[in-house]
Amino acid sequence: MAHQYVLEFATDGRGTRDITDDIARVVSESGIATGLAHVFVQHTSCSLTITENADPDVRRDLETILARLAPDNDPAYRHRTEGPDDMAAHARSVLTGTALTVPVGAGKLLLGTWQGIFLWEHRTEPQQRKLVVTVV
Amino acid sequence: MAHQYVLEFATDGRGTRDITDDIARVVSESGIATGLAHVFVQHTSCSLTITENADPDVRRDLETILARLAPDNDPAYRHRTEGPDDMAAHARSVLTGTALTVPVGAGKLLLGTWQGIFLWEHRTEPQQRKLVVTVV
Amino acid sequence: MAHQYVLEFATDGRGTRDITDDIARVVSESGIATGLAHVFVQHTSCSLTITENADPDVRRDLETILARLAPDNDPAYRHRTEGPDDMAAHARSVLTGTALTVPVGAGKLLLGTWQGIFLWEHRTEPQQRKLVVTVV
């Protein structure tokens, strides 16, 4: 059986937010011992990633790198309906991904010691973000 | 129970093709109400992505960005068996991913309003592409 | 039912290692005929990718491209606790992904002819890496 939950987050604008505990709670509520937890954002200008959870400088450096790969306000972009960060946000979402699947064992997320699950806002302004979590 | 389908597409060469309706049809045929739809391309020079489905300029700008990250005909490439777009296509496939998993609820793909599922051809010439869709 | 296995690999430092046969063996042991095989690394400085399995130059060129996107020892990085390859390894892990899901049909991985599953070490020194494989 699949268990499905919708989570909503108000982001503070561009940056990462650790949602590991939120996903762990949903997995625990599902009662599923062994399986997979799938997390999905219903948006095209934010993403989900798993990365180092200890030193916040890692996520700061990841922003630095993404700003080079998909800069804001690039003159080559045609799509700029919602401002200088609009197309950069779509590109960063594509490069880092809108879905994650994490193994579940003994009723818990089987993450490594240094792994955290992060919701990554790519728009500069705060947004409301909807996630669908499915545990199978 | 898992339901599995094979879909084939003839691409027009480099660019994106919206396959959301094709995947939605398979999900509907599976009869599964709550679960996950997994889409997989059996190739290493195309990919699958979820991005904005309204303004085609978004996908045009994504091509512009990928052309910088993994340019055609780069003198640093050693692999060029199938021409100047060969290695660039493999790299773009790795950076954007050959698989996608989307939640299914009430028998439908739980995509956000602006999300579309795209088959992304990275070779310049048209190709035949085989996808495996698994609904669990 | 979900079947879950832990695999361990000692990497030789930066580079790719073909683990397709290891994953295929686990799928075969699971006894599952139709479904999904999910592979997950419990680390934030290596990744998993599916790419061309015939010409090793493809993986060599992928390293060349990643070295441009996330170079070692970049003066802009703040996180450098574990040396000049530390932050580059985290960034490459985020860009290429720590999880893969592959369809299973007739008890086998449904990979295309040229697709291999690779464990991608991004640290320059050899490491011990733990993978969780879940077949559903």
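Residues numbered from 1 in each chain as written. Chains lettered and ligands numbered in written order. Predicted model: local features only at pLDDT ≥ 70, side-chain atom pairs only at ≥ 80, totals over all residues. Heavy atoms only, no water.

### Observations regarding the interface of chain B and chain C
Turning to step 1, where the next piece is worked out: Tallying the contact residues gives 26 residues for chain B and 31 residues for chain C.
Turning to step 2, where the next piece is worked out: Summing both partners gives a buried area of about 2,400 Å² for chain B against chain C, and 64% of it is carried by carbon and sulfur.
Turning to step 3, where the next piece is worked out: Run the count over chain B and chain C and you get one salt bridge.
Turning to step 4, where the next piece is worked out: Notably, a salt bridge pairs D74 of chain B with R68 of chain C, separated by 2.9 Å at the nearest N-O pair.
Turning to step 5, where the next piece is worked out: For the pair chain B and chain C, the number of links is nine residue pairs in polar contact (both at pLDDT 80 or more).
Turning to step 6, where the next piece is worked out: When contributions to the side of chain B that touches chain C are tallied by element, the ones reaching two or more residues are strand 3 (35-41), helix 3 (86-96) and strand 8 (128-135) of chain B. (Contact = heavy atoms within 4.5 Å. Buried area = accessible area lost by both parts, 1.4 Å probe. Salt bridge = Lys/Arg side-chain N within 4 Å of Asp/Glu carboxyl O. Polar contact = N/O pair within 3.5 Å; in protein donor to acceptor, adjacent residues only side chain to side chain. Helix = DSSP H or I, 4+ residues; strand = E, 2+ residues; numbered from the N terminus.)

### Some points on the confidence of the model for chain A
Turning to step 1, where the next piece is worked out: This prediction gives chain A a mean pLDDT of 97; 100% of its residues lie at or above 70.
Turning to step 2, where the next piece is worked out: Confidence metrics for the complex model read pTM 0.98 and ipTM 0.97. (pLDDT = per-residue confidence, 0-100.)

### Points about the packing of helix 3 (residues 86-96) of chain A against helix 2 (residues 56-69) of chain B
Turning to step 1, where the next piece is worked out: Between helix 3 of chain A and helix 2 of chain B, the least distance of the axes is 10 Å, while the angle of their chain directions is 65 degrees. At the point where helix 3 of chain A passes helix 2 of chain B, the crossing takes the right-handed sense. Contacts between helix 3 of chain A and helix 2 of chain B involve M87, H90, A91, V94 and L95 of chain A from the former and V58, D61, L62, I65, L66 and L69 of chain B from the latter.
Turning to step 2, where the next piece is worked out: Its residues assigned to classes, the contact of helix 3 of chain A with helix 2 of chain B shows nine nonpolar, one polar and one charged. (Axes fitted to C-alpha atoms, helices over the stretch in contact; angles between N-to-C directions. Left-handed = near helix turned anticlockwise from the far one by under 90°. Nonpolar A, V, L, I, M, F, W, Y, C, P; charged D, E, K, R; others polar.)

### Focus on the layout of surface pockets
Turning to step 1, where the next piece is worked out: Within this model, the largest pocket holds a volume of roughly 470 Å³.
Turning to step 2, where the next piece is worked out: If you trace the largest pocket, you find 15 residues lining it, with M1 of chain A, M1 and V136 of chain B together with M1 and V136 of chain C closest to the centre. (1 Å grid on protein atoms, 1.4 Å probe; cavity = no way out; pocket = protein on both sides within 12 Å on 5 of 7 lines; lining within 4 Å. Points joined across faces, edges and corners; volume = space filled by probe spheres on them.)

### A short note on the interface of chain A and chain B
How big an interface is tends to be stated in terms of accessible area lost as the parts join.
Turning to step 1, where the next piece is worked out: Contacts between chain A and chain B engage 26 residues on the former and 31 residues on the latter.
Turning to step 2, where the next piece is worked out: Around 2,400 Å² of area is buried between chain A and chain B when both sides are counted, 64% of it from carbon and sulfur atoms.
Turning to step 3, where the next piece is worked out: Interface area lost by chain A to chain B is led by F40, R78 and V94 of chain A, which between them contribute 24%.
Turning to step 4, where the next piece is worked out: Across the chain A-chain B interface, the total number found is one salt bridge.
Turning to step 5, where the next piece is worked out: Taken together, the connections running from chain A to chain B amount to nine residue pairs in polar contact (both at pLDDT 80 or more).
Turning to step 6, where the next piece is worked out: Elements with a contribution of two residues or more to the side of chain A that touches chain B: strand 3 (35-41), helix 3 and strand 8 (128-135) of chain A.
Turning to step 7, where the next piece is worked out: In terms of residues, the side of chain A that touches chain B owes the most to one element, helix 3 of chain A, which gives five residues.
Turning to step 8, where the next piece is worked out: The residue inventory of the side of chain A that touches chain B, partitioned by class, reads 14 nonpolar, 10 polar and two charged.

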